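# Summary of the model geometry
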Amino acid sequence: MRNDGLQPDQTAQLAETFGLLADPTRLSIVVVCMEREIPAGDIADELGLSASLVSHHLRLLRAARMLRGERRGKQVFYSMADACVRDVLKIMIDHLFIHEHGGSDEPHEGDD
Ligand SMILES: [Zn+2]
């Protein structure tokens, strides 16, 4: 696909995908899955969330192809669907917390 623009329905789909990440709880689930495969129950434990809430979010994240689930025995292990999604997140995390962007540290006068 050429990157010279998106159809309106593609823009809507992209917005929907980013919108999934706009929920802090859901985003925290994605971040937990960034570097490893982890069973749903462990995600819930780690984040202090109920199993039913986690499975609700996992369902949405799988449907959006951000995470994938793989059944092993009685557990389903979750991980990033592919490197693209992980890279997008890594880039944004670096952008926010590591990069020194010119101008980003300028004081906002009048904020106080
Ligand atoms: Zn940056």
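Structure: above.
All of the points below concern the structure found in this document. (Residues numbered from 1 in each chain as written. Predicted model: local features only at pLDDT ≥ 70, side-chain atom pairs only at ≥ 80, totals over all residues.)

### Looking at the overall build of the protein
Scanning the protein from terminus to terminus reveals five helices and three strands. Its helices and strands taken in sequence order, the protein reads α-α-β-α-α-β-β-α from the N to the C terminus. Within the protein, counting contacts between residues at least 6 apart in sequence, those at least 24 apart form 47% of the total. (Helix = DSSP H or I, 4+ residues; strand = E, 2+ residues; numbered from the N terminus. Contact = placed C-beta atoms within 7 Å.)

### Observations regarding the nonpolar core
For soluble globular proteins, the rule of thumb is that nonpolar side chains tend to be buried together. Formed by Ile29, Val30, Cys33, Ile43, Val54, Leu58, Leu61, Met66, Leu67, Tyr78, Met80 and Val85, the largest nonpolar core amounts to twelve residues. When residues of this core are traced back to their parent elements, those giving at least two are α2 (24-32), α4 (51-63) and β3 (75-80). Ranked by the residues each element gives to this core, the list is headed by α4, at three residues. (Core = buried A, V, L, I, M, F, W, Y, C linked by C-beta atoms within 7 Å. Buried ≥ 20, exposed ≤ 12 C-beta atoms within 10 Å, placed from the backbone.)

### Examining α2
For α2, every residue scored as buried is listed here: Arg26, Ile29 and Val30. Projected onto a plane normal to the axis of α2, the buried residues spread over an arc of 100 degrees and lie on a single side. Exposed and oriented more than 90 degrees from the buried face of α2 are Pro24 and Thr25. Looking at the packing, one finds that the buried side of α2 touches α1 (8-20), α3 (40-47), α4, β2 (67-72) and α5 (83-97). (Arc of directions from axis to C-beta.)

### Some thoughts on the packing of α3 against α4
To characterise two packed helices, one gives the angle between the axes of the helices and the distance between these axes. At a minimum axis distance of 9 Å, the contact between α3 and α4 shows a crossing angle of 115 degrees. In this structure, α3 crosses over α4, and the sense of that crossing is right-handed. Residues Ala40, Gly41, Ile43 and Ala44 of α3 form the contact with α4, whose participating residues are Ala51, Val54, Ser55 and Leu58. Its residues assigned to classes, the contact of α3 with α4 comprises six nonpolar, two polar and no charged. (Axes fitted to C-alpha atoms, helices over the stretch in contact; angles between N-to-C directions. Left-handed = near helix turned anticlockwise from the far one by under 90°. Nonpolar A, V, L, I, M, F, W, Y, C, P; charged D, E, K, R; others polar.)

### Some remarks on the sheet that holds β3
If you trace the three strands from one edge of the open sheet to the other, you get β1-β3-β2, paired in antiparallel fashion. Edge strands, defined here as strands with exactly one partner in the open sheet, are β1 (38-39) and β2. Of the pairings in the sheet, the one linking β1 to β3 comprises two bridges and is antiparallel in character. Within β3, the residue paired with proline 39 across the bridge is phenylalanine 77. Taken strand by strand, α4 contacts β2 and β3, and its axis lies near 115 degrees from that of β2. (Pairing = 2+ DSSP bridges.)

### A look at the environment of valine 31
Relative to the elements of secondary structure, valine 31 occurs in helix α2. Here the alpha-carbon distance between valine 31 and methionine 80, two residues 49 residues apart in the chain, equals 9.2 Å.

### Thoughts on unusual backbone geometry
Residue arginine 65 is not a glycine yet carries a positive backbone phi of 60 degrees. Judged by local crowding, arginine 65 falls into the exposed class, with 12 C-beta atoms found within 10 Å.

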